[in-house]
Amino acid sequence: MRTLSVDLPGREYKIYIDSGLLGCCADILAAHVSGKKAAVISDSNVAPLYAERLEKQLAEAGAKPFRIVVEAGENSKSLGVFEQVLSEIMEHDFSRSDCVVALGGGVVGDLAGFVASTLLRGVKLIQVPTTLLSQVDSSVGGKTAVNLAVGKNLVGTFYQPSAVLIDMDTLSTLPEREVACGMAEIIKYAAIRDAKMADELLSGNFDLADIIARCCAIKAAVVLNDERDTGERMLLNFGHTIGHAIENFYGYGTYSHGAAVAMGMCIMTEYAEKNGLTEPGTLDIIRRLNEKFGLPTVCEHRDQLITAASHDKKRTGDYISIVLVRRMGEGYYKKVHKSELEIIAKGE
Ligand code: NAD
Ligand code: GLY
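Residues numbered from 1 in each chain as written. Chains lettered and ligands numbered in written order. Predicted model: local features only at pLDDT ≥ 70, side-chain atom pairs only at ≥ 80, totals over all residues. Heavy atoms only, no water.

Some thoughts on the site of ligand 2
Point 1. The environment of ligand 2 is formed by Asp 137, Lys 143, Lys 219, Arg 233 and Leu 236.
Point 2. Asp 137 has a polar side-chain atom sitting 3.1 Å from a nitrogen atom of ligand 2.
Point 3. One nitrogen or oxygen atom from the side chain of Lys 143 is found 2.8 Å from an oxygen atom belonging to ligand 2.
Point 4. For ligand 2, whose free accessible area comes to 200 Å², the fraction covered by protein is 84%. (Near = heavy atom within 4 Å. Polar contact = N/O pair within 3.5 Å; in protein donor to acceptor, adjacent residues only side chain to side chain. Areas by Shrake-Rupley, 256 points an atom, 1.4 Å probe, with all protein chains shown as cover.)

Right under this line is the structure:
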């Protein structure tokens, strides 16, 4: 088993990574849940596959688990579902010493995290991520959120979990499109912090558990320096400004989030190479990585992405922070005037 520490002062926690962990995690869970009620929040795809296994371990750890299942999909990250989940939990006579367990992908993780951070002014949260994206990204770092009709992730908190349990075996049931989404985030980590990872991914000679652990370690290090997302944490948005614009322009679901981010990383790097902001050859590596993992590298209607991109949350007044890579493994961010987005989107 691989164990990583996230050393935020007073809120330290561990990330446990192992295959088969869901069937043998009682000892790890005991430290957090013994004698407590545990609200297992999951979705309609994941619960039938994995909830029973986890609940058995929770019971063995001395907890009293009960299950709350939301519809699978982004629509469950809503204020309506949030309220419904809070009410259902309280029907179980929940107290502040009890615990929320998020079993699922980033949707469940973000929703359950928001629930845990607000219910009774904050109860313990354990993340059990089951998608590749949530294992390398969303379960670590403490961002929780629900969406509003006017935009994604507009309501939420920074709230760190007490533990993260990653069982790679859950990826065996994950649809291919979702695996590719996780790979886009992994390519992002390689681009901003780990050139060696890029080489390994391209060669095909890598161990997924090792890659997941390295991504979590990068995320933990970034979050330690900038939990509240005012500086270094923005690096985790490489490809995302244009990616969000693509999702927005084509309508959510047309392209997966990962596909949109993959195109976003290519568009940003094309711009950066043309303007001497990135070492030549970097775009070629990112393109080849995308192709290798079934992700797109080109996007149509680029000039129409500008309006959507200029609404990005990372905007301050007329300026927006964009993330670029100097060379593979070296991400940096730069404030540009929003008019620069037009040049980026058009590829001029
Ligand atoms: P998701 O949670 O919607 O999961 C994708 C699909 O896979 C769903 O249909 C789900 O039911 C299914 N699924 C999950 N695990 C499965 C498994 N093991 N086997 C079979 N099916 C499975 O999507 P996601 O990509 O995991 O997360 C996306 C969400 O994460 C977005 O809402 C995004 O905003 C959020 N996010 C948050 C952060 C953060 O730091 N908090 C970071 C990145 C993304
Ligand atoms: N995935 C972006 C962040 O956690 O900041």
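Here the narrative resumes.
Remarks on helix α6 (residues 176-193)
Point 1. Across its 18 residues, α6 extends 26 Å between first and last C-alpha, which sits within 8% of the 26 Å expected from 1.5 Å per residue.
Point 2. The element α6 is largely enclosed, with a buried count of 13 among its 18 residues. (Helix = DSSP H or I, 4+ residues; strand = E, 2+ residues; numbered from the N terminus. Expected span 1.5 Å × (residues − 1). Buried < 20%, exposed > 50% of the residue type's maximum accessible area, 1.4 Å probe, protein only.)

Some remarks on the pattern of salt bridges
Point 1. Summed over the entire model, instances satisfying the criterion amount to 21 salt bridges.
Point 2. Taking the shortest distance from any N to any O, the salt bridge between Arg 193 and Glu 232 comes out at 2.7 Å. With Arg 193 in helix α6 and Glu 232 in the loop between α8 (208-225) and α9 (240-250), this residue pair connects regions lying 39 residues apart in the sequence.
Point 3. What makes Arg 193 partly exposed here is its relative accessible area of 36%.
Point 4. Notably, a salt bridge pairs Glu 279 with Arg 327, separated by 2.9 Å at the nearest N-O pair. (Salt bridge = Lys/Arg side-chain N within 4 Å of Asp/Glu carboxyl O.)

Describing helix α4 (residues 106-118)
Given 3.6 residues per helical turn, the α-helix brings residues three or four places apart onto the same face.
Point 1. With 13 residues, α4 extends 18 Å between its outermost C-alpha atoms, agreeing within 8% with the 18 Å of an ideal straight helix rising 1.5 Å per residue.
Point 2. α4 sits mainly inside the fold: 12 of its 13 residues count as buried.

Side note on the site of ligand 1
Point 1. Contacts to ligand 1 come from 26 residues, most closely from Asp 43, Lys 77, Gly 106, Thr 131 and Thr 173.
Point 2. Taking Asn 45, its side chain carries an N or O atom lying 2.9 Å from an oxygen atom of ligand 1.
Point 3. Contact distances for ligand 1 include 2.9 Å between a nitrogen atom and a backbone N or O atom of Thr 170.
Point 4. Protein coverage of the free-state accessible area of ligand 1, which is 860 Å², stands at 87%.
Point 5. Among the secondary structure elements, those contributing two or more residues to the shell around ligand 1 are α2 (47-60), α4, α5 (132-138) and β8 (151-158).
Point 6. Of the residues belonging to the shell around ligand 1, the class tally is eight nonpolar, nine polar and nine charged. (Nonpolar A, V, L, I, M, F, W, Y, C, P; charged D, E, K, R; others polar.)

What about the sheet that holds strand β3 (residues 37-43)?
Point 1. Sheet architecture is open: seven strands sit in the order β1-β2-β9-β6-β5-β3-β4, paired in mixed fashion. Pairing within the sheet leaves two strands with one partner each, and these edge strands are β1 (2-6) and β4 (64-70). Averaged over all pairs of adjacent strands, the angle between their axes in this sheet comes to 20 degrees, without regard to strand direction.
Point 2. Pairing geometry for strand β6 (residues 124-129) and strand β9 (residues 163-166), over two bridges, is parallel. The partner of Ile 126 across the bridge, within β9, is Ala 163.
Point 3. Set on the sheet, helix α3 (residues 79-90) makes contact with β3, β4 and β5 (99-104); between it and β4 the angle comes to about 155 degrees. (Pairing = 2+ DSSP bridges. Axes fitted to C-alpha atoms, helices over the stretch in contact; angles between N-to-C directions. Contact = heavy atoms within 4.5 Å.)

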